[in-house]
Amino acid sequence: MSGNYDQFNLAAQAVGCAVMYDDKGKPSVMVPIPKFNLSDVYDGWPSTPHPAFIVNGVTKDVIYISRYQNIVDNGRAYSLPMRDPRASITFDDAKAACEAKGTGWHLMSNAEWAAIALWCRKNNRMPQGNNSYGSDVNTPGVNGLTTTKDGSTGKTLPVATGSGPVTWSHNGQMSGIWDLNGNVHEWVSGYRCVAGEIQLIQDNNSALAVNETASSTLWYAVPQNGNLVAPGTTGTLKWDYVTAPPAAGTSTYAFRLNTSTSNQADN
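Since we're looking at a predicted model, the values are computed, not measured. (Residues numbered from 1 in each chain as written. Predicted model: local features only at pLDDT ≥ 70, side-chain atom pairs only at ≥ 80, totals over all residues. Heavy atoms only, no water.)

## Focus on the overall build of the protein chain
Rules: The helix and strand labels rest on DSSP assignments: H or I over at least four residues marks a helix, E over at least two residues marks a strand, and numbering proceeds from the N terminus. Here the globule rule is a power law, 2.2 Å times the number of residues to the power 0.38, and the radius of gyration is based on C-alpha atoms. Throughout this description, buried means an accessible area under 20% of the type-specific maximum (1.4 Å probe, protein chains only), exposed means over 50%, and partly exposed covers the range between. Contacts were defined at the residue level, with two residues in contact if any of their heavy atoms lie within 4.5 Å. Computed with a 1.4 Å probe, the accessible areas rest on the Shrake-Rupley method; for each residue, only the protein chains presented here act as cover. Under the convention used here, Asp and Glu are negative, Lys and Arg are positive, and both His and the chain ends fall outside the count. Throughout, a charge is located at the NZ atom of Lys, the CZ atom of Arg, the CG atom of Asp or the CD atom of Glu.
Counting secondary structure elements, the protein chain contains four helices and 14 strands. On C-alpha atoms alone, the protein chain measures out to a radius of gyration of 19 Å, which is about the 18 Å that the 2.2 N^0.38 rule sets for 267 residues. Looking at the 267 residues of the protein chain, the share that counts as buried comes to 39%. The long-range fraction of contacts in the protein chain, counting pairs at least 24 apart against all pairs at least 6 apart in sequence, stands at 49%. For the protein chain, the accessible area works out to roughly 14200 Å², and carbon and sulfur atoms hold 53% of it. The distance from the centre of the 18 positive side-chain charges to the centre of the 21 negative ones in the protein chain is 2 Å.

## Here's the deal with a nonpolar patch on the surface
Counted only if it meets this: Nonpolar side chains (Val, Leu, Ile, Met, Phe, Trp, Tyr) within 5 Å and like charges within 9 Å form the patches, drawn only from residues with over 30% relative accessible area and no salt bridge. Within this document, salt bridges are pairs made up of a side-chain nitrogen of Lys or Arg and a carboxyl oxygen of Asp or Glu, the two lying within 4 Å of each other.
There is a patch of nonpolar side chains on the surface, built from Y191, W239, F255 and L257 and spanning about 380 Å² of accessible area. Tracing the backbone shows W239 in strand β13 (residues 238–241). Judged by relative accessible area, W239 falls into the partly exposed class, the value being 30%.

## Quick notes on the environment of W45
With respect to the helices and strands, the residue W45 is situated in the loop between α2 (38–41) and β3 (54–55). Apart from the residues within four sequence positions on either side, W45 is in contact with L38, S39 and L118.

## Things to note about the pairing of strand β2 (residues 27–34)
Taken residue by residue, a regular strand's side chains alternate between the two faces of the sheet. Where we set the bar: Pairing between strands is defined by DSSP: at least two bridges between the two strands are required.
The element β2 is extensively covered by neighbouring structure, given that six of its eight residues are classed as buried. Both strand β1 (residues 18–21) and β2 contribute to a ladder of four bridges, which runs antiparallel. Bridge assignment links V19 to a residue of β2, and that residue is V29. Taking the residues that link successive antiparallel strands as the turn, the β1-β2 hairpin has five residues, and the phi of G25 there is positive, at about 80°.

## Overview of the sheet that holds strand β5 (residues 62–66)
Selection criterion: In this analysis an axis means a line fitted to C-alpha atoms, helices contributing only their contacting stretch, and an angle means the value between N-to-C directions, from 0 to 180 degrees.
Strands sit in the order β1-β2-β5 across an open sheet of three strands; the sheet is antiparallel. Looking at strand neighbours, the two that pair on one side only are β1 and β5, the edges of this open sheet. Neighbour to neighbour, the strand axes of the sheet diverge by 50° on average, direction disregarded.

## Here's the deal with the layout of surface pockets
For clarity, the threshold we go by: Think of a 1 Å grid over the protein atoms and nothing else: a 1.4 Å probe that fits but is trapped marks a cavity, an open set flanked by protein within 12 Å on at least five of seven lines marks a pocket, and residues with an atom within 4 Å of a point count as lining. Grid points are joined across faces, edges and corners, and a volume is the space filled by probe spheres set on the points. Polar here means any residue outside two lists: the nonpolar Ala, Val, Leu, Ile, Met, Phe, Trp, Tyr, Cys and Pro, and the charged Asp, Glu, Lys and Arg; Gly therefore counts as polar.
Size it by volume and the largest pocket reaches roughly 1600 Å³. N110, A114, Y191, I198 and L200 are the residues nearest the centre of the largest pocket, which is lined by 40 residues in total. Among the elements of the structure, α4 (110–122), β10 (191–194) and β11 (197–201) are those that each provide at least two residues to the lining of the largest pocket. The element contributing the most residues to the lining of the largest pocket is α4, with six residues. For the lining of the largest pocket, the class distribution of residues is 25 nonpolar, 11 polar and four charged. Surrounding the second largest pocket, 44 residues form its lining, S66, C98, H106, L107 and M108 being those nearest its centre. Secondary structure elements with two or more residues in the lining of the second largest pocket: β2, β5, β6 (71–73), α3 (91–99) and α4. Ranked by the residues each element gives to the lining of the second largest pocket, the list is headed by β5, at five residues.

Structure representation (structure tokens):
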């Protein structure tokens, strides 16, 4: 197997990726994201590291993100190309599958997701992906490799990980993260919404496999000044719907960032 892994490593390194191994020696293809400051991705923000690079008060020079949406094998999540990504999984099970791999492995955090999204925005990148039955709505006919079809319509549902064109990577290059747009729903850690209130785990501390249950004391709310405060504090930021939302799943409806909720949706 070592010869196969050597070739796997070389192939990943050739496009600027890294192969990292869990505590059972099983590989995942990862994309290194070097540290950047908030001011690098948004004008007027402070020249301090984005919270995705701060874990338990320590600033990291690089974080590693799965290049592909994960599969789950024997209760462990893996980032591998040309596979059928795992779908229809609960948050708790997704978190457990990532953390089962050993120290340092974790479900992608909201801080990490936000960092990549802000980098894309700053660099005029809107990654495409499988958001229209196997292709991107803006480029119909340019498809990934179908793994599952709808039994009644025959339409493509998920496509194989990394099987779409290079426009489906976050940076538009072979070194990028694939399928951030569409394909299957994904969970992130370190974020929740309670009665409309936005609640976070500080910095990127959710990368430490911490307790994220409802009763965890690690959750904070966010006032307008950006400082973290206890959940339920008056004046914290909340998602509020513009009008009373219809029953879940019946249609889309507009929402706004507010300090109170007048049209709260079901949690």
